[in-house]
Amino acid sequence: KNQVEQSPQSLIILEGKNCTLQCNYTVSPFSNLRWYKQDTGRGPVSLTIMTFSENTKSNGRYTATLDADTKQSSLHITASQLSDSASYICVVSDYGGSQGNLIFGKGTKLSVKP
Amino acid sequence: DAGVTQSPTHLIKTRGQQVTLRCSPKSGHDTVSWYQQALGQGPQFIFQYYEEEERQRGNFPDRFSGHQFPNYSSELNVNALLLGDSALYLCASSPGTRNSPLHFGNGTRLTVT
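Residues numbered from 1 in each chain as written. Chains lettered and ligands numbered in written order. Predicted model: local features only at pLDDT ≥ 70, side-chain atom pairs only at ≥ 80, totals over all residues. Heavy atoms only, no water.

A. Inspection of the overall build of chain B at higher detail. Secondary structure summary: chain B contains 0 helices and 11 strands in total. Here the C-alpha atoms of chain B give a radius of gyration of 13 Å, agreeing with the 13 Å that 2.2 N^0.38 yields for 113 residues. Dimensions along the principal axes, computed over C-alpha positions, put chain B at roughly 40 × 25 × 25 Å. Long-range contacts, defined here as pairs at least 24 residues apart, represent 52% of the contacts in chain B between residues at least 6 apart. (Helix = DSSP H or I, 4+ residues; strand = E, 2+ residues; numbered from the N terminus. Rg over C-alpha atoms; globule rule 2.2 N^0.38 Å. Contact = heavy atoms within 4.5 Å.)

What follows is the structure in structure tokens.
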């Protein structure tokens, strides 16, 4: 069964610190992996999309890595800010359908404290 | 450039009633997907519309139906509401290519009492 597991479920860090969120997946055949940021009460916003051939992609202070062999991804946040407080959702796409089936993780809830 | 807009933002309905949620996609996008997000969970795929046809469907009962109009906007209809239908309903649009990002609206918060 295609699954996306994220860890930790929640995380509290101090402003200015770095953190890394994890995503493990069992989706096959793999098409791409996406990270989204979702602020409370808002829709998710795309941070990165990586295909099989990409092993790292950055978007400002966010850097995502992908190891397609071990089926693991991480999202590293550098020099955290209060505005980084949000849920971070890992989404993996397979090759089903015309655009792929998107399998969502449950997200990691990040709280950045002053 | 307007992003994805959804209406209404909040809605309270009673068990057994019917509800219609609306979505206007981002300019230039022709594909619209609907998701249900329960509190503390990731979004669950309901269905996707392209060229006014339902192209893919997730594991949701027939009480959930939709429509896409020629201008690419879309509606989600839920009949015979259950308490368990209470959730954030998200609409996402995309240009329809495999590796293109989804653009989400801010959702409609549906509460069924």
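B. Broad picture of the interface of chain B and chain A. Each partner contributes residues to the interface: chain B has 23 residues there, and chain A has 25 residues. Counting the contacts that link chain B with chain A gives 0 salt bridges. The interface formed by chain B and chain A includes 5 residue pairs in polar contact (both at pLDDT 80 or more). For the side of chain B that touches chain A, the elements supplying multiple residues, two or more each, are β4 (31-37), β6 (53-57) and β9 (87-94) of chain B. Here the residues of the side of chain B that touches chain A sort into 7 nonpolar, 14 polar and 2 charged. (Salt bridge = Lys/Arg side-chain N within 4 Å of Asp/Glu carboxyl O. Polar contact = N/O pair within 3.5 Å; in protein donor to acceptor, adjacent residues only side chain to side chain. Nonpolar A, V, L, I, M, F, W, Y, C, P; charged D, E, K, R; others polar.)

C. Geometry of the sheet that holds strand β3 (residues 19-25) of chain A. Residue and element names in this part refer to chain A. If you trace the 5 strands from one edge of the open sheet to the other, you get β1-β3-β8-β7-β6, paired in antiparallel fashion. Every interior strand has two partners, whereas the edge strands, β1 (4-7) and β6 (56-59), have only one. Across the sheet, the axes of successive neighbouring strands diverge by a mean angle of 15 degrees, strand direction being ignored. Where strand β7 (residues 62-67) meets strand β8 (residues 72-77), 6 bridges bridge the pair, whose relative direction is antiparallel. (Pairing = 2+ DSSP bridges. Axes fitted to C-alpha atoms, helices over the stretch in contact; angles between N-to-C directions.)

D. View of the nonpolar core. With 25 residues, the main nonpolar core has V4, Y25, L33, W35, L75, Y88 and V92 of chain A as its most contacted residues. Those elements giving two or more residues to this core turn out to be β3, β4 (30-38), β5 (45-51), β7, β8, β9 (86-94) and β11 (108-113) of chain A. Counting 19 residues, the second largest nonpolar core, distinct from the first, contains L21, L81, Y89 and L110 of chain B. (Core = buried A, V, L, I, M, F, W, Y, C linked by side-chain atoms within 4.5 Å. Buried < 20%, exposed > 50% of the residue type's maximum accessible area, 1.4 Å probe, protein only.)

E. Here's a closer look at the pattern of salt bridges. Across all of its chains, the model carries 5 salt bridges over all chains by this definition. In this structure, R61 of chain A engages D84 of chain A in a salt bridge whose closest nitrogen and oxygen atoms are separated by 2.8 Å. A residue pair is termed long-range when its members are at least 10 positions apart, and R61 of chain A in the loop between β6 and β7 and D84 of chain A in the loop between β8 and β9 qualify at 23 residues. The class for D84 of chain A is buried, based on a relative accessible area of 1%. Taking the shortest distance from any N to any O, the salt bridge between D85 of chain B and R63 of chain B comes out at 2.9 Å. Of this pair, D85 of chain B sits in the loop between β8 (74-78) and β9 while R63 of chain B sits in the loop between β6 and β7 (64-68), and the two are 22 residues apart along the sequence. Since its relative accessible area comes to 4%, D85 of chain B is described here as buried.

F. Representation of the state of the cysteines. Per the counting criterion, the structure on display carries 2 disulfides over all chains. Between the sulfur of C23 of chain A and that of C90 of chain A lies a disulfide, 2.0 Å long from S to S. Measuring handedness by torsion sign, the sulfur bridge of C23 of chain A and C90 of chain A sits at about -65 degrees and is left-handed. Here the residue C23 of chain A occupies a position in strand β3, and C90 of chain A occupies one in strand β9, the gap between them amounting to 67 residues. For the pair shown, C23 of chain A and C90 of chain A are each scored as buried. In this model C23 of chain B forms its disulfide with C91 of chain B; the gap between the sulfur atoms is 1.8 Å. Handedness here is read from the sign of the S-S torsion; for C23 of chain B and C91 of chain B, about -60 degrees, the answer is left-handed. Placement of the pair is C23 of chain B in strand β3 (residues 19-24) and C91 of chain B in strand β9, with a sequence separation of 68 residues. Look at C23 of chain B and you get buried, because its relative accessible area is 2%. (Disulfide = S-S within 2.5 Å.)

G. Examining the side chain of Q38 of chain A more closely. The residue Q38 of chain A is located in strand β4 in this model. A polar contact is formed between the side chain of Q38 of chain A and the backbone oxygen of R42 of chain A, at a distance of 2.8 Å. A polar atom in the side chain of Q38 of chain A sits 2.8 Å from the side chain of Q37 of chain B. Among residues more than four places away in sequence, those in contact with Q38 of chain A are G43, P44, A86, S87 and I89 of chain A together with Q37, L88 and L90 of chain B.

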